[in-house]
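# Notes for the structure review
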Amino acid sequence: MAVRVLCSRQALRLCSVLASPSTSSSSSSSLGLQQSNRGLRVGFLGAPFNKGQRRAGVSEGPQAVKDTGIITTLHDLGVDVRDYGDVELDNNNNNHNNNHSKQLTDDVSDSLYLGPNGERHFQTVLTYNQRLSSKVGEVLKDGRLCVTVGGDHSIAIGTIHGHAHSNPEHQVVVLWVDAHADLNTGTSSPSGNMHGMPAAFHITNLSSRHAKLQDGFPQASLATTHLAYIGLRDVDKGERAFLDQLGIVNYGMREVDRLGVREVVARCLDHLSPSNTRPLHVSFDIDALDPLEAPSTGTPVRGGLTMREGLVVVEEARAGGHMGALDLVEVNPHLGTPTDAAYTAHAAKEIIMGALVGGDSQ
Ligand SMILES: NC(=[NH2+])NCCC[C@H](N)C(=O)O
Ligand SMILES: [Mn+2]
Ligand SMILES: [Mn+2]
């Protein structure tokens, strides 16, 4: 059984941030990698959105991750990568109201519209995600694997919707890597924060419990067998009831300890796509990693995945050969020290690199 080694990483962290170059240049040893990555086409999308939770700074996540030099690194490895820029918050959408909602003054001094079941920034979150969904569809239509960097996890309402609905002839399946299940409805949520709800919007059996936009967005696309979790360790009561009642496959940290992460991913992938033909969406919340690996995030929970375990998850998901989209969310560079922020952004870079080019990239 794997022994969890997470001690004295503080010192290592500083060294590794200082030592890692912000861009990598081609060297002769990378020529083989350039060959093997040729043909991989990637679209990079920023989703600087923070209305799914209450802590300022998570909208700086996409820039912090880009500042690691990830796009240059991918390019140098032979990946055909295109930067599609950010999907910005459209301020006009902030001022919409609906009949059910109650206007309050928000803690960040913009308007807060509660959804019918107390969902904070209900209208803003859903209208933003509707635009994000179309943008994800555009990237996929260009024949590129869509990498969306958040932003808070409510952006998975749009990314999964965009992926699922641009692939109507194939069933998209979702691997959710997170300390949290993000499976609340407005009614079950203890916080009203919509970053704790995105998965529930996509499950057909739960979607009737969710309020929608007037045009029906977001339309759910996943049966309960089309979603699986790795890394859970902070699950709300209502979420646990949904997981149990609906039989959604979920591997918490206890199972990772008991079975080993490799076995856990293999089981998830086999469950989601038994004949390995379905397009895979990986939604990776950086808080799946232990806070020692990724301290700058809004809802850290101790006892998480090591970097190596996180990499095994995405490397194995990549090895299946059908990953169509990846989300990397909840990097908040305003939290912790500047060193914490840089360390967390580099953790995000490594996870994205692992998902795109596997283990031989560094
Ligand atoms: N994407 C996240 N970090 N989600 C944290 C969710 C926390 C809690 N379960 C809630 O519903 O508020
Ligand atoms: Mn989380
Ligand atoms: Mn999450």
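With an unreviewed UniProt entry as reference, the protein chain is termed Arginase, source organism Petrolisthes cinctipes. UniProt's Catalytic activity (unreviewed entry) comment on the protein chain is quoted here verbatim: "L-arginine + H2O = urea + L-ornithine". Its UniProt record gives the protein chain the following Pathway (unreviewed entry) comment, quoted word for word: "Nitrogen metabolism; urea cycle; L-ornithine and urea from L-arginine: step 1/1."

Perfect tetrahedral coordination of a metal by four donors corresponds to 109.5 degrees between them, and perfect octahedral coordination by six donors corresponds to 90 or 180 degrees. Distances from the manganese ion (ligand 2) to its protein donors, Asp 178 (OD), His 180 (ND1), Asp 285 (OD), Asp 287 (OD) and Asp 287 (OD), fall within 2.2 to 2.4 Å. On the primary sequence, the residues serving as donors to the manganese ion (ligand 2) are separated as D-x1-H-x104-D-x1-D. Distance-wise, the manganese ion (ligand 3) is placed 3.2 Å from the manganese ion (ligand 2), both being coordinated by Asp 178. Taken together, the residues Asp 178 in the loop between strand E6 (173-177) and helix H8 (198-202) and Asp 287 in the loop between strand E9 (280-285) and helix H13 (307-319) connect sequence positions 109 residues apart. Relative accessible area serves as the criterion here: at 0%, Asp 178 is assigned to the buried category.

Time to look at the coordination of the manganese ion (ligand 3). Binding of the manganese ion (ligand 3) to the protein goes through His 153 (ND1), Asp 178 (OD), Asp 182 (OD) and Asp 285 (OD), at separations of 2.1 to 2.2 Å. Written as a sequence motif, the donor residues of the manganese ion (ligand 3) are H-x24-D-x3-D-x102-D.

Time to look at the UniProt feature "binding site: Mn(2+)" (unreviewed entry) in the protein chain. Residues given the UniProt feature "binding site: Mn(2+)" (unreviewed entry) here are His 153, Asp 178, His 180, Asp 182, Asp 285 and Asp 287. Spanning 135 residues, the named residues form one tight spatial group whose C-alpha atoms are at most 12.2 Å apart. Note that His 153 resides in the loop between strand E5 (145-150) and helix H7 (156-165). By relative accessible area, His 153 is classed as buried at 0%.

To describe two helices that pack against each other, one gives the angle between their axes and the distance between the axes. In the contact formed by helix H6 (residues 122-141) and H7, the axes pass within 7 Å of each other and the chain directions differ by 40°. Considering only the axes of H6 and H7, their crossing is right-handed. Counted together, Val 125, Leu 126, Asn 129, Leu 132, Ser 133, Val 136, Gly 137 and Leu 140 of H6 and Ala 156, Ile 157, Gly 158, Thr 159, His 161, Gly 162 and His 163 of H7 form the full contact between these two elements.

For Pro 198, the position within the fold is in helix H8. Distance in space between the C-alpha atoms of Pro 198 and Ala 294 is 22 Å, their sequence separation being 96 residues. Apart from residues lying up to four places away in sequence, Pro 198 is in contact with His 153, Ser 154, Ala 156, Ile 157, Trp 176 and Asp 182.

A word on the pairing of E9. A large share of E9 lies buried, amounting to six of its six residues. Burial along E9 is two-sided: the face carrying Leu 280, Val 282 and Phe 284 and the face carrying His 281, Ser 283 and Asp 285 are both buried. Of the pairings in the sheet, the one linking E6 to E9 comprises five bridges and is parallel in character. For Trp 176, the partnering residue across the bridge sits in E9 and is Ser 283. Relative to strand E10 (residues 323-329), E9 runs parallel, the two sharing six bridges. Following the sheet pairing, Ser 283 is matched in E10 by Asp 327. As a crossover connection, the stretch from E9 through H13 into E10 is right-handed.

The rules behind each value
For every chain, the first residue of the written sequence is number 1, and numbering continues from 1 onward in sequence order. In the order they appear in the text, chains get letters beginning with A and ligands get numbers beginning with 1. Owing to the predicted nature of the model, reporting of local features is limited to residues with pLDDT of at least 70; listing and counting of side-chain atom pairs is limited to 80 or more, with chain, interface and lining totals taken over all residues. Hydrogens and water molecules were not included; the side-chain quantities draw on all heavy atoms of the structure. UniProt positions are given in the numbering used here, feature names are shortened, and annotations may be inferred rather than shown by experiment. The donor set covers N, O and S atoms within 2.8 Å of the metal, switching to 3.2 Å for Na, K and Ca, and it leaves out water, so a site may look short of donors. Only DSSP runs of H or I with at least four residues qualify as helices, and only runs of E with at least two residues qualify as strands; both kinds are numbered from the N terminus onward. Using a 1.4 Å probe on the protein chains alone, a residue whose accessible area is under 20% of its type maximum counts as buried, one over 50% counts as exposed, and one in between counts as partly exposed. Axes here mean lines fitted to C-alpha atoms, for a helix over just the part in contact, with angles spanning 0 to 180 degrees between N-to-C directions. Rotating anticlockwise by less than a right angle from the far helix to the near helix defines a left-handed crossing, while the corresponding clockwise rotation defines a right-handed one. By the convention used here, residues are in contact when the closest approach between their heavy atoms is within 4.5 Å. Strands are labelled as partners when DSSP assigns at least two bridges between them. With its strands directed away from the observer, a crossover is right-handed exactly when the path from the first strand over the helix to the second travels clockwise.

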